[in-house]
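# Coordinate analysis (summary)
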Amino acid sequence: MLQFTTAQIAMGQEAVDKSAALDLLAARLVEDGLVAEGYLAGLQAREQQGSTYLGQGIAIPHGTPQTRDQVFATGVCLMQFPAGVDWGDGQIVHLAIAIAARSDEHLRLLQQLTRALGEGDLSVALSQADSAEAVLQLLQGAPRELLLDERSIGLGVAADDFDDLLWQGARLLRRADCVESGFITHLHRAEPLPLGHGLWLVASDQAVRQPALAFVTPQQPLRHLDRPLAGLFCLAAHGEAQAPLLDRLCSLLIEGRAQDLLRASDVRAVLALLGGEVPGDWPSARITLANPHGLHARPAKVLAQLAKEFPGEVRVRLVDGVGSPVSAKSLSKLLGLGARRGQVLEFSVEPAIADALPALLAAVEGGLGEEVEPLAALAPLPSEPVATTLAAPVAGSTIQGVAAAPGIAAGPAHVQLQQHFDYPLRGESPGHELQRLEAALLQVRNDIEALIRRSEVSAIREIFVTHQEMLADPGLAEEVGLRLRQGESAPAAWLAVIDTAARQQESLQDALLAERAADLRDVGRRVLMQLCGISETPEPKQPYVLVMAEVGPSDVARLDPSRVAGILTARGGATAHSAIVARALGIPAVVGAGDAVLLIAPGTALLLDGQRGRATVDPATEQLEKALAERDRREKALRAAHARRFEPAVTQDGHAVEVFANIGESAGIDAVVEQGAEGVGLLRTELIFMAHPQLPDEAAQEAEYRRVLDGLAGRPLVVRTLDVGGDKPLPYWPIAKEENPFLGVRGIRLTLQRPQVMESQLRALLRAAGDRPLRIMFPMVGQLEEWREARRMVDRLLAQIPVSDLQVGIMIEVPSAALLAPVLAAEVDFFSIGTNDLTQYTLAIDRGHPSLSAQADGLHPAVLNLIDMTVRAAHAHGKWVGVCGELAADPQAVPLLLGLDVDELSVAARSIAEVKAQVRALGIEQARGLARQALALGSAADVRALVEK
Ligand code: PEP
Ligand code: MG
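Residues numbered from 1 in each chain as written. Chains lettered and ligands numbered in written order. Predicted model: local features only at pLDDT ≥ 70, side-chain atom pairs only at ≥ 80, totals over all residues. Heavy atoms only, no water.

Quick reminder of the rule: UniProt positions are given in the numbering used here, feature names are shortened, and annotations may be inferred rather than shown by experiment.
The name given to the chain in an unreviewed UniProt entry is phosphoenolpyruvate--protein phosphotransferase, with the source organism recorded as Pseudomonas bharatica CSV86. Under the UniProt heading Subcellular location (unreviewed entry), the note attached to the chain is "Cytoplasm".

## Let's talk about the site of ligand 1
What counts, and what does not: If a single non-hydrogen atom of a residue is within 4 Å of a molecule or strand, that residue counts as near it. N or O atoms within 3.5 Å of each other form a polar contact, as long as, within protein, one can give a hydrogen and the other can take it, and as long as residues adjacent in sequence are counted only when both atoms are side-chain atoms. Accessibility throughout is a Shrake-Rupley quantity obtained with a 1.4 Å probe, and a residue counts as covered only by protein chains that appear here. Each helix corresponds to a stretch of at least 4 residues labelled H or I by DSSP, and each strand to a stretch of at least 2 residues labelled E; elements are numbered beginning at the N terminus.
Near ligand 1, the surroundings consist of 13 residues, among which R684, R720, G834, N836 and R847 are the closest. One nitrogen or oxygen atom from the main chain of G834 is found 3.4 Å from an oxygen atom belonging to ligand 1. Residue N836 places a main-chain N or O atom 2.8 Å away from an oxygen atom belonging to ligand 1. Here ligand 1, which alone exposes 290 Å², has 98% of that area covered by the protein. Every element with two or more residues in the shell around ligand 1 is listed here: β27 (680-684) and α30 (835-843). Sort the elements by how many residues they give to the shell around ligand 1 and α30 lands first, with three residues.

## Description of the packing of helix α1 (residues 18-31) against helix α2 (residues 39-49)
Using the following cut-off: All axes here are fitted lines through C-alpha atoms, helices being fitted over the stretch that makes contact, and every angle between N-to-C directions spans 0 to 180 degrees. Here a crossing is called left-handed whenever its near helix is offset anticlockwise from the far helix by less than a right angle, and right-handed whenever the offset is clockwise. By definition in these notes, contact holds between two residues if any of their heavy atoms fall within 4.5 Å. Three classes are used, and their members are as follows: Ala, Val, Leu, Ile, Met, Phe, Trp, Tyr, Cys and Pro are nonpolar, Asp, Glu, Lys and Arg are charged, and the others, Gly among them, are polar.
Following both chains from N to C, one finds α1 and α2 inclined at 145°, their axes separated by 9 Å at the closest point. Considering the relative orientation of α1 and α2, their crossing is right-handed. Contact residues: α1 offers K18, L22, D23, A26 and L29, while α2 offers Y39, L40, L43, Q44 and E47. The residue inventory of the contact of α1 with α2, partitioned by class, reads six nonpolar, one polar and three charged.

## A short note on the coordination of the magnesium ion (ligand 2)
Put simply, the rule reads: Nitrogen, oxygen and sulfur within 2.8 Å of a metal are treated as its donors, or within 3.2 Å for sodium, potassium and calcium (Na, K, Ca); water is not counted, so a site can appear incomplete. The cut-offs for exposure are 20% and 50% of the maximum accessible area for each residue type, with area from a 1.4 Å probe on protein chains only; residues under the lower value are buried, those over the upper are exposed, and the others partly exposed.
Coordination sphere of the magnesium ion (ligand 2), protein contribution only: E813 (OE) and D837 (OD), at 2.0 Å. In this pair, E813 is assigned in the loop between β30 (806-812) and α28 (815-819) and D837 in helix α30, connecting sequence segments 24 residues apart. For E813, a relative accessible area of 2% gives the class buried.

## What to know about the environment of S832
Along the polypeptide, S832 turns up in strand β31 (residues 830-833). Accessibility expressed as a relative area gives 2% for S832, which makes it buried. Sequence separation between S832 and G809 is 23 residues, and the spatial gap between their C-alpha atoms is 7.7 Å. For S832, the contacting residues outside a window of four places in its chain are M777, I810, M811, I812, G882 and C884.

## Some points on a negative patch on the surface
This is how it is decided: Surface patches are defined over residues having more than 30% relative accessible area and no salt bridge, joining like charges when they lie within 9 Å and nonpolar side chains (Val, Leu, Ile, Met, Phe, Trp, Tyr) when within 5 Å. A pair is scored as a salt bridge if a Lys or Arg side-chain nitrogen falls within 4 Å of a carboxyl oxygen belonging to Asp or Glu. His is not counted, nor are the chain ends, whereas Lys and Arg count as positive and Asp and Glu as negative. For the purpose of locating charges, the reference atoms are NZ of Lys, CZ of Arg, CG of Asp and CD of Glu.
A contiguous patch of negative charge on the surface is contributed by D17, D23, D86 and D89. The residue D89 is located in the loop between β4 (75-86) and β5 (92-100) in this model. Judged by its relative accessible area of 75%, D89 is exposed.

## Observations regarding helix α16 (residues 474-485)
As a reminder, the rule being used: By this rule the span expected of a helix is its residue count minus one, scaled by 1.5 Å.
The end-to-end C-alpha distance of α16, which contains 12 residues, comes to 16 Å, matching closely the 16 Å that a straight helix rising 1.5 Å per residue would cover. When α16 is considered as a whole, its buried residues turn out to be G475, L476, V480, G481, L482, R483 and L484. In the segment just after α16, G487 is the residue with positive phi, at about 100°.

## Side note on the environment of A856
Along the polypeptide, A856 turns up in the loop between α30 and α31 (861-876). Taking the C-alpha atoms as reference points, A856 and D846, separated by 10 residues in sequence, lie 8.0 Å from one another. If near-sequence neighbours (up to four positions away) are discounted, A856 is found in contact with T839, L843 and I845.

## Notes on the nonpolar core
What counts here: As used here, the term nonpolar core means buried Ala, Val, Leu, Ile, Met, Phe, Trp, Tyr and Cys residues forming a set that is joined through side-chain atoms within 4.5 Å.
Among the nonpolar cores identified, the biggest contains 94 residues, and F778, F831 and I867 are the most heavily contacted of them. Residue contributions to this core peak at eight residues, all from helix α26 (residues 755-769). Those residues within four positions of F831 in sequence are excluded, and the remaining contacts are I810, I812, A821, L824, A825, T870, A874, W880, V881 and G882. Among the nonpolar cores identified, the runner-up in size contains 48 residues, and L54, A297, F310 and V316 belong to it.

## A word on the packing of helix α14 (residues 430-454) against α16
The geometry of α14 relative to α16 is characterised by a closest axis approach of 9 Å and an angle of 145° between their N-to-C directions. The hand of the α14/α16 crossing is right-handed. For the pair formed by α14 and α16, the contact residues are P430, E433, L434 and L437 on the first element and V480, L484 and R485 on the second. Residue classes in the contact of α14 with α16 are distributed as five nonpolar, no polar and two charged.

## A look at the pairing of β31
The criterion, for reference: Two strands pair under a simple rule: DSSP has to find at least two bridges between them.
Of the two faces of β31, both are covered, the one formed by F830 and S832 as well as the one formed by F831 and I833. The sheet contact formed by β30 and β31 spans three bridges and is parallel. Bridged to I810 within β31 is F831. Bridge analysis of β31 against strand β32 (residues 880-883) gives four bridges, and the strand direction is parallel. Residue pairing in the sheet places S832 in a bridge with G882 of β32.

Here it is, written out as structure tokens:
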């Protein structure tokens, strides 16, 4: 992303006119290797179209779309002109910021810039600045405005004590995007200050993004430190930004008006007393911005000029943004919105100039001086691309999907399609809309209550209890109430609030909050269905096959396993969450079967084979009977396998394979051993870290690892060191946002950057081990040096904490590691192949991709060849190889992995008995022959067909 640094700033420049200044700037961009010489023509052409003067003595020259191909790299150069340069119309520039950008990255920079610039004029200060640092200071250090508006006030919130109330205040600030997630911890540590009359103030300047004040009052009077607690100010402090507000608050207290504050029954009254931004009952209207490069300088200037023609205030905000409305008359504020094509602007105007609204909307629709392609003319890509050319599968046809959860299921199709909601944006009256909303909420609450009573699995019950809590969140109700009072309809207000809250949670890159966001959307959709009068298709009476585009984890959790015989989805892959949950619930599932399945008529008879990944539509009677007979046979075989679960897995010709378990927590270890595990082949330690609210210290970790080793009673434990980053963020370990997190700082790359975390994990492991068999492996190794650095760390610690039975190895999850296996094998003690990631990186398909992940099949010959290389390299050095990805439990993969001479298979505990039984039915020589044939094939489908034969 573009950012300002002192190295980009050239001080004390001179230019007789704008054209000379552009020459200087272009020459500097060329010198910095950012652009080709032809970019100067772009700078000049852009100024011809309209001046790039921004205000406050600053101009932002940049090229035109036609000269984008002259840009080698995105960047900026800044030049100070102390004597000033006339930029046209008598506007004098003291700082020119020339931007080299291939797309519209410069909008972000403008946003940063205009956020930093206050209302005052910087011209003189910029002309007098005597160092690059001083210029930077002026650009970045301008005082930031304190936020105090309806979003930061919570009256009568449910709170049992001071801490609860504090949390509510901090939450409001978090929602308004003023503070980081760690702010609450800092606030907790701060000393609360009693202000008298039951008012308290607590402040922190840590983890603050924008200075802001929240004010919360409890539903019923509370006490804190033996004093009354009737209202709490939570201050996110920043420099001097809060000084005027605190002065005002002091005067209020000195004048004896604290009671006015506590008696205020609505947010407006509180804001009026504190001098905050009072929401007005102003007419408003929305429009979608269609300008190709968003609201950049030129259209923003046109809009500001138009707004200035009206004798009253004109405000505008981004509907899906978190910022407050800004004056449409201020160019810098408009640019600060960072509005992009497709985003919705909401204008609100003083009632006296209500006629400004149609003019503003017409101007935006007309492109604000730019040619725009109307949004409607762009064929929107359907979110559920059920193309018209698709036809429903005919009776008797078989659809091939991805085998996601084994088992055979038969029943009528219960097709659930994503509903489309249609509703007016404006409501009849606030009272009427509120009534509608309350009725909808009550209905949904009752439905959820019934689901809670029905759920037998506690984890599923908890999901619904969370949904109930979300519905009862007073913060949501307040925000919706505010929108209703501004005239929005109940569905529009409800959806906007849910959407904003969910986006905020998603943007935190916090796995837990992101899950909560999915739940929030889920429960939000249910209320919306009530409001729009859409009812769910009633469930068939008999056990059915659920057909959906994609099943989210909470959808699966909603299912009643006794009613859902099977699951068939159009999208998704075998490693998707929903597939994992389906396996855990023991429901046969075929996923990624293509959009045609969404056209199956409800009630059509379906037969699913979750093991082979097939669905048959309206099967013939004999086929159905055959399949059901096979199901019975399979169930019988499973019972027999279970009876022999403690016996080793040895092929008919005497070749033994170890069958271990994959686990993610220490608690269930006894049950895992009880399922027949000969050891643990993968302990995903990040799941243990995720279950702790903060980084577990060494002692806490040691206790967790010791518990697993104790439970294993001498069986080996293979532990993977912390594998976070990518799709697995840790809430308390902030990782910079990355464009491609799967290709970013994850696994060993991350832990090597924070060696103290890895060292403490290794120490805890070594301490817990004693004389028990411990195997440590590192995730996502792609380079020899990563392995060596990690190994050196282990050796250093071993000198302090000796253990008697330790092996150190790596996971093979990155193709480079498999290709380097001949080199790595000389140094490691073992390899464990993580086929989930190895497949993702070999085939370049995101393992969670909604439509492509179905093709991410680990039986692709490319993946099998990498496995083969790895095993041969390891065995040449006398080292062993395990497989711990989902593939190890795939019945079609087991013969091939065996035939490739893999030594150990590590699978989910419930698959252990079945995998062992399958090995017992095979012969090693026959499996080796099959594997050799598979290596020479061209696709995963061909490999599966070969095994099937
Ligand atoms: C794998 O990638 O196959 C693996 C076992 O690791 P995870 O699924 O935890 O990324
Ligand atoms: Mg992995």
